[in-house]
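Next come the chains, spelled out residue by residue.
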Amino acid sequence: MTLPLLALLPLPLAAQEADTDGALSLELNTTKSVEAGCQLSFLIQNGHDTDIDAAVYETVLLNTEGQVDRLTLFDFGALPAGRPRVRQFVVPGTGCDGLGQILINGANRCEAGGADSDLCIKGLELKSRGDVEVIG
C-alpha cells in the first residue's frame, strides 16, 4: 500500500515545475495598507532558460469602480532563470481597499544577455491571491 502512494508523490511536484517552464509568472501575493499608502507584494518566477537582467513594467492601477487611478512603472530588477523573487512596491496616497485591478500594460524595459528582449512578455502568466485582480 505504501508503494503506490510514494509513486504518486513525484507527479504533482513535476506538474508544478512544468507550469513555469518557458513562462514568466507574476503573482500579486499580498496587499497591505501602510502609513505611506498601499504596499503590493509580488512573487515573480522566471521560468525561461535565460536570466532577465532588467524587467520594468508599465502598470495601470484601477480603482474598485474600474476607473484609472494612476499609471506607473514597477521595476522588478534582475530575475534569474528558475528562481522565485519577491518584490514590494508602495503606492503612495492610495489605500488598498480602493484598489480593484492592476493592469500590466506591457514591458517598459526588458533586457536579457545585455540586449533588449521579449522575455518579460513572452509567456507572461498573471495571477492574484487576493481580491485585487491582475490583468494584462
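That block above? That's the structure.
Here the structure is a predicted model, which means the values were calculated and not measured.

The rules behind these values
- Residues numbered from 1 in each chain as written.
- Predicted model: local features only at pLDDT ≥ 70, side-chain atom pairs only at ≥ 80, totals over all residues.
- Heavy atoms only, no water.
- Phe/Tyr/Trp six-rings, centres within 6.5 Å; stacked < 30°, edge-to-face > 60°.
- Helix = DSSP H or I, 4+ residues; strand = E, 2+ residues; numbered from the N terminus.
- Buried < 20%, exposed > 50% of the residue type's maximum accessible area, 1.4 Å probe, protein only.
- Core = buried A, V, L, I, M, F, W, Y, C linked by side-chain atoms within 4.5 Å.
- Contact = heavy atoms within 4.5 Å.
- Pairing = 2+ DSSP bridges.
- Axes fitted to C-alpha atoms, helices over the stretch in contact; angles between N-to-C directions.

What follows deals with the packing of aromatic side chains. One pass over the full model with this rule turns up six aromatic pairs. Judged by centre distance (5.7 Å) and plane angle (80°), the rings of Y57 and F76 are edge-to-face. Taken together, the positions of Y57 in strand β3 (residues 52-63) and F76 in strand β4 (residues 68-79) put the pair 19 residues apart, joining distant regions of the chain. As far as burial versus exposure is concerned, Y57 and F76 are alike and both buried. Ring-pair connections join several aromatic residues into one group, and the members of that group are F42, Y57, F74, F76 and F89.

This next bit is on the nonpolar core. With 26 residues, the main nonpolar core has L40, F42, I52, F76 and I102 as its most contacted residues. If you list the elements that add at least two residues to this core, you get β1 (24-34), β2 (37-46), β3, β4, β5 (84-92) and β6 (99-112). Sorting elements by how many residues they give to this core places β6 first, with five residues. Discounting residues that sit within four places of it in the chain, F76 has contacts with L26, F42, I44, A55, Y57, R87 and F89.

Turning our eyes to something else, we now look at the pairing of β2. Burial analysis of β2 places eight of its 10 residues in the buried class, the great majority of the element. By the bridge criterion, 10 bridges tie β1 to β2 in an arrangement that is antiparallel. Counted as the bridge partner of K32 is Q39 from β2. In sequence, β1 turns back onto β2 through a hairpin of two residues.

Backbone-to-backbone hydrogen bonds join strands into a sheet, with any given pair of strands oriented parallel or antiparallel. Strand order in the open sheet formed by four strands is β5-β2-β1-β8, and the pairing between neighbours is mixed. Looking at the sheet topology across the chains shown, the edges are occupied by β5 and β8 (124-128). Between one strand and the next, the sheet's axes are offset by a mean angle of 25°, whatever the strand orientation.

Turning next to the pairing of β1. Sheet topology note: the β1/β8 ladder contains five bridges and is parallel. Its bridge partner lying in β8, S25 is registered against E125.

Shape is all these values report; function is a separate question.
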